[in-house]
Amino acid sequence: MSPCSVWSQSAPWLSLGANAVPLYTHADPIPRGGSLGEIRLVQPIIMAHGGAWGNRLGLLATFNFEGLTIPNGELAPGDWGEGFVDRRHPHTYVHEVVLTYNQPFGWGTVSLSGGKGFAPFGTDDPMARPVLRYPVNHHLSQILERAVAILGVRTGPVLLEGGLFNGDEPESPESWPKVSRFGDSWSVRLTGYPVRQLEVQGSHAEVNSPEHRAGFGTDQSKWSLSGRWSGTVGRFPVYGMLEWARTSEAQGFFVFHSFLGEGAWTVGRHRLHYRFERTERPEEERTASPFRSVRPHFENSILGSTRWTIHTAGYTFHLKKIAALQAAPFLELSYGRISSFGGGLFDPQSFYGKSSFWSIGLGARLSIGLPVHRMGRYGVAQNTAPNSARPHHGRS
């Protein structure tokens, strides 16, 4: 049973948790040149896990309050999506609320999940991974905050998920999925566990007009492959992941690739982490704010493409619990290079004043009760591997 549980384990139960990260970020350069430093509260969330009928019925919920703490986004060179550029967008207040029914059979388990959450595609939300800085590929590697219906089947070390959802992505923290578009998009994900510590997945999605809410924008075809290892080397917890993603838009007229590798090594209360990423992103027409792009999005809004090659390294110190509070101060450094590719009108050297950038993040992960779970894994896919963001892989 998780921390902060109510009711007994034999009866229906509910477990709660909260997480937040006070963060100082400094980046150089920013759009149109210069540098900028900010203090923000990021990833303020409340989580709830519930179960009934011997856990055949399950609830997974995450409420995110970034609409209040970072309404103009989190400073992060290279990040993009939902109308933000070089800033990570705030997530919606209802990040995920998904109900699941699990039915065991002699040969395995079948689950049916529905609600608002992640489509069964790609890798974990970066919030549940060791590196605090969101990768550039967030919108290439995950499909989030949709109205979803997911059928999952697991037998032995193999599980298969298929989902229907609405194509439109959120436009603001208050956004709800456009229900009239439910079922216009779909995805499948096949996951295997060759050994207990290793998870491999491949997934495909067809997403209808994600960046035009009315449904008149271009469609996307998406692929993802990854391998994730979480275990011990000697007596030390080690996590590693390799990921490849590809998104094509407008029937292949625009194609964006991503390769990412990351890992973490924990010794006692100390953890080191590192990420390498090379991701291509669209350069869209921007508004009067250099951190925002024009919405609704059309294919003629794309002025070119850039490739971001980024190294991120960090150190975390896991403090002893104070009452129920878990705190983990950290320092994180990123260095990257920006280059144009595939033609187009966008010149990163002119726009940023440099072809390289650096950023620093200094803060602390604060949590009470439940640790951040692997968002987007429901039913037969839930609890299939440990969360990698928590410094001791769940141990206090």
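Rules used throughout
- Residues numbered from 1 in each chain as written.
- Predicted model: local features only at pLDDT ≥ 70, side-chain atom pairs only at ≥ 80, totals over all residues.
- Heavy atoms only, no water.
- Phe/Tyr/Trp six-rings, centres within 6.5 Å; stacked < 30°, edge-to-face > 60°.
- Buried < 20%, exposed > 50% of the residue type's maximum accessible area, 1.4 Å probe, protein only.
- Helix = DSSP H or I, 4+ residues; strand = E, 2+ residues; numbered from the N terminus.
- Lys NZ or Arg CZ within 6 Å of the ring centre and 35° of its normal.
- Polar contact = N/O pair within 3.5 Å; in protein donor to acceptor, adjacent residues only side chain to side chain.
- Contact = heavy atoms within 4.5 Å.
- Pairing = 2+ DSSP bridges.
- pLDDT = per-residue confidence, 0-100.
- Salt bridge = Lys/Arg side-chain N within 4 Å of Asp/Glu carboxyl O.
- Patch = residues over 30% accessible without salt bridge, like charges linked within 9 Å, V, L, I, M, F, W, Y side chains within 5 Å.
- Areas by Shrake-Rupley, 256 points an atom, 1.4 Å probe, with all protein chains shown as cover.
- Core = buried A, V, L, I, M, F, W, Y, C linked by side-chain atoms within 4.5 Å.

Here we take up the packing of aromatic side chains. One pass over the full model with this rule turns up 7 aromatic pairs. Residues Phe-105 and Trp-107 carry aromatic rings whose centres are separated by 5.6 Å and whose planes lie at 5° to one another, so their mutual orientation is stacked. By relative accessible area, which is 44% here, Phe-105 ends up partly exposed. Using a relative accessible area of 49% as the deciding quantity, one classes Trp-107 as partly exposed. Plain terms: the ring middles of Phe-236 and Trp-265 are 6.1 Å apart, the flat faces sit at 85° to each other, and that makes the pair edge-to-face. Residue Phe-236 is located in strand S14 (residues 236–249), and its partner Trp-265 is located in strand S15 (residues 254–267); the two are separated by 29 residues in the primary sequence. Its relative accessible area of 22% is what places Phe-236 among the partly exposed residues. Three or more aromatic residues link up through ring pairs in this structure, and these residues are Trp-308, Phe-346, Phe-351, Tyr-352 and Phe-357. Over the face of the ring belonging to Trp-176 we find Lys-116, whose NZ or CZ atom lies 4.9 Å from the ring centre. Of note, Arg-307 hangs over the ring of Phe-341, and the distance from its end group to the ring centre comes to 4.8 Å.

We now examine the side chain of Glu-38. Within the secondary structure, Glu-38 sits in strand S3 (residues 36–52). Here Arg-87 takes part through its side chain, which lies 2.6 Å from a polar atom of the side chain of Glu-38. If we skip the residues at most four places from it in the chain, Glu-38 touches Leu-23, Tyr-24, Thr-25, Leu-75 and Arg-87.

A one-sided burial pattern is seen for strand S10 (residues 158–165), the buried positions being Leu-159, Glu-161, Gly-163 and Phe-165 and the unburied ones Val-158, Leu-160, Gly-162 and Leu-164. Here strand S9 (residues 146–155) pairs with S10 via 8 bridges, running antiparallel. Looking at the pairing, Val-148 lines up with Phe-165 of S10. Following S9, the chain reverses through 2 residues before pairing antiparallel with S10; Gly-156 in that reversal takes a positive phi of roughly 60°. Here S10 pairs with strand S11 (residues 185–192) via 8 bridges, running antiparallel. Bridge pairing links Gly-163 to Ser-187 in S11.

So, about the confidence of the model for the protein chain. Mean pLDDT over the protein chain works out to 92, with 93% of the residues at or above the 70 mark. Ignoring residues within four places in sequence, the model shows residues 1–9, a span with pLDDT below 50, making 21 contacts including any to other chains. Segment residues 392–396: pLDDT under 50, and 13 contacts once partners within four positions in sequence are set aside and those in other chains are kept.

This part is about the pattern of salt bridges. Within this structure, the stated rule accounts for 23 salt bridges. Between Glu-199 and Arg-374 there is a salt bridge; the shortest N-O distance is 2.9 Å. Residue Glu-199 is found in strand S12 (residues 198–207), and its partner Arg-374 is found in the segment after strand S19 (356–369); the two are separated by 175 residues along the sequence. The network of salt bridges with shared partners includes Asp-124, Glu-199, Arg-228, Arg-374 and Arg-377.

Quick look at a nonpolar patch on the surface now. A cluster of nonpolar residues, Tyr-24, Ile-39, Leu-331, Leu-333 and Leu-362, forms a patch on the protein surface that exposes about 470 Å² of accessible area. Checked against the element boundaries, Tyr-24 lands in strand S2 (residues 13–28). Assessed through its relative accessible area of 34%, Tyr-24 is described here as partly exposed.

Residue Asp-28 is joined to Pro-29 through a cis peptide bond whose omega torsion reads 5°. The residue Pro-29 is located in the loop between S2 and S3 in this model. One non-glycine residue, Trp-53, lies in positive phi territory at about 55°. Among the secondary structure elements, Trp-53 is positioned in the loop between S3 and strand S4 (57–64). At Asn-55, a position not held by glycine, the phi torsion is positive, near 70°.

Turning our eyes to something else, we now look at the environment of Ser-180. In this fold, Ser-180 is placed in the loop between S10 and S11. On the basis of relative accessible area, Ser-180 is assigned to the exposed category, the value being 64%. Linking Ser-180 and Lys-320, residues 140 residues apart in sequence, is a C-alpha distance of 49 Å.

Ranked by internal contacts, the top residues of the largest apolar core, which has 21 residues, are Ile-45, Met-127, Ile-143, Phe-165, Val-372, Met-375 and Tyr-378. Listed in part, the 14 residues of the second largest apolar core include Trp-80, Val-136, Ile-302 and Phe-346.

So, about the pairing of S2. Bridge count between S2 and S3: 14 bridges; the pairing is antiparallel. Counterpart to Ala-18 in the pairing with S3 is Ile-46. In the sheet, S2 pairs with S19 via 10 bridges, with the strands oriented antiparallel. In the strand pairing of S19, Asn-19 is matched with Ser-367.

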